[in-house]
Amino acid sequence: MKRITVFCGSSFGNEAIYKEQATLLGQTLAKHNIELVYGGANVGLMGAVADGVLNEGGKVIGVLPDFLRSKEIAHLGLTELILVESMHERKTKMNDLCDGVIALPGGFGTLEELFEMVTWAQLGLHKKPIAILNIDGFYDSLVELTNTMVEKGFLKNVNQKMLLVSDNIDDLLDKMKNYVAPTVGKWIDKKEV
């Protein structure tokens, strides 16, 4: 993996561990020579993960919709900042630039980004690993919800396993490096979208 996209909150949350782990993730990516692709802001966990990479001499590509420049203050120290027109263009560009995705704690935007990427994977539009860094059990209830989806017949077990989860950065990166996308038939072909 040469580049990983990280989706996360534009705030720090209520617990110091979120910022600490976001910074550590950035540092770890840089030490493994993995470039960061993220939302381009200098606030919250977004800024922490970018600063973690940059402080270790790594490369960071930010992708920011032009209309968010005033709300999510653009990080001025990035290797590259790409301005796009829309949120959808942002996600598409981030997907195009990366070899895998990690979600950290965040709100609705983080969940929307994570689930669009895993949905694209489920539909066979890409074969990249999609991972959650489950800091301090933040995503425990989401993992339980995916169990319920399988139990109730709304999600195949093979698709649930596409979502890699760990509370340890090195373990998560190992899972991502060893990920093999399922070969289950898909409903649509990439040429159809």
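Because the structure is predicted, anything quoted here is derived from the model rather than measured.

With 16 residues, helix α1 (residues 16–31) extends 23 Å between its outermost C-alpha atoms, agreeing within 8% with the 22 Å of an ideal straight helix rising 1.5 Å per residue. When α1 is considered as a whole, its buried residues turn out to be Y18, Q21, A22, L25, G26, T28, L29 and A30. N33 sits one or two residues past α1 and shows a positive phi near 55°.

Now for a nonpolar patch on the surface. A surface patch of nonpolar side chains, amounting to about 330 Å² of accessible area, comprises L145, M149 and F154. The residue F154 is located in the loop between α5 (140–151) and α6 (157–160) in this model.

Applying the stated criterion across every chain, the model contains four salt bridges. Within the structure, one salt-bridge network assembled from shared partners comprises K91, E112 and E116.

Grouped burial of nonpolar side chains is what soluble globular proteins tend to show. Counting residues in hydrophobic clusters, the biggest one holds 34 residues, and the most contacted among them are I4, V6, L25, L29, L36, I102 and L104. Of all the secondary-structure elements, those providing two or more residues to this core are β1 (3–7), α1, β2 (35–38), α2 (44–55), β6 (130–133) and α7 (169–177). Apart from residues lying up to four places away in sequence, I102 is in contact with I4, T5, V6, F7, L25, A131, L133, L172, L173 and M176. Ranked by size, the runner-up nonpolar core spans 21 residues in total, among them I61, V63, L142 and L163.

Here we come to helix α4 (residues 108–122). For α4, built from 15 residues, the straight-helix expectation of 21 Å at 1.5 Å per residue is met to within 8% by its first-to-last C-alpha distance of 20 Å. Buried residues of α4: T110, E113, L114, E116, M117, V118, W120, A121 and Q122, and no others. Where α4 terminates, the next one or two residues include G124, which has phi positive at roughly 85°.

Evaluated as defined, the whole model comprises two aromatic pairs. Seen from their ring centres, Y18 and F138 are 5.8 Å apart, and the 80° between their planes marks the pair as edge-to-face. In this pair, Y18 is assigned in helix α1 and F138 in the loop between β6 and α5, connecting sequence segments 120 residues apart. Taking the relative accessible area as the measure of exposure, F138 reaches 31% and is therefore partly exposed. Three or more aromatic residues joined by ring pairs form one cluster here, namely Y18, F138 and Y139. If you follow K19 out to its NZ or CZ, it ends over the ring of F12, 5.0 Å from the centre.

Covered by surrounding structure in β2 are E35 and V37 together with L36 and Y38, the residues of both alternating faces. In terms of handedness, the path from β1 via α1 over to β2 forms a crossover that is right-handed. Of the strand pairs in this sheet, β2 and strand β3 (residues 60–65) are connected by three bridges, and their pairing is parallel. In the strand pairing of β3, V37 is matched with I61. Each parallel crossover has a hand, and for β2 linked through α2 to β3 it is right-handed.

Rules used throughout
- Residues numbered from 1 in each chain as written.
- Predicted model: local features only at pLDDT ≥ 70, side-chain atom pairs only at ≥ 80, totals over all residues.
- Heavy atoms only, no water.
- Helix = DSSP H or I, 4+ residues; strand = E, 2+ residues; numbered from the N terminus.
- Expected span 1.5 Å × (residues − 1).
- Buried < 20%, exposed > 50% of the residue type's maximum accessible area, 1.4 Å probe, protein only.
- Patch = residues over 30% accessible without salt bridge, like charges linked within 9 Å, V, L, I, M, F, W, Y side chains within 5 Å.
- Areas by Shrake-Rupley, 256 points an atom, 1.4 Å probe, with all protein chains shown as cover.
- Salt bridge = Lys/Arg side-chain N within 4 Å of Asp/Glu carboxyl O.
- Core = buried A, V, L, I, M, F, W, Y, C linked by side-chain atoms within 4.5 Å.
- Contact = heavy atoms within 4.5 Å.
- Phe/Tyr/Trp six-rings, centres within 6.5 Å; stacked < 30°, edge-to-face > 60°.
- Lys NZ or Arg CZ within 6 Å of the ring centre and 35° of its normal.
- Right-handed = clockwise from strand over helix to strand, strands pointing away.
- Pairing = 2+ DSSP bridges.

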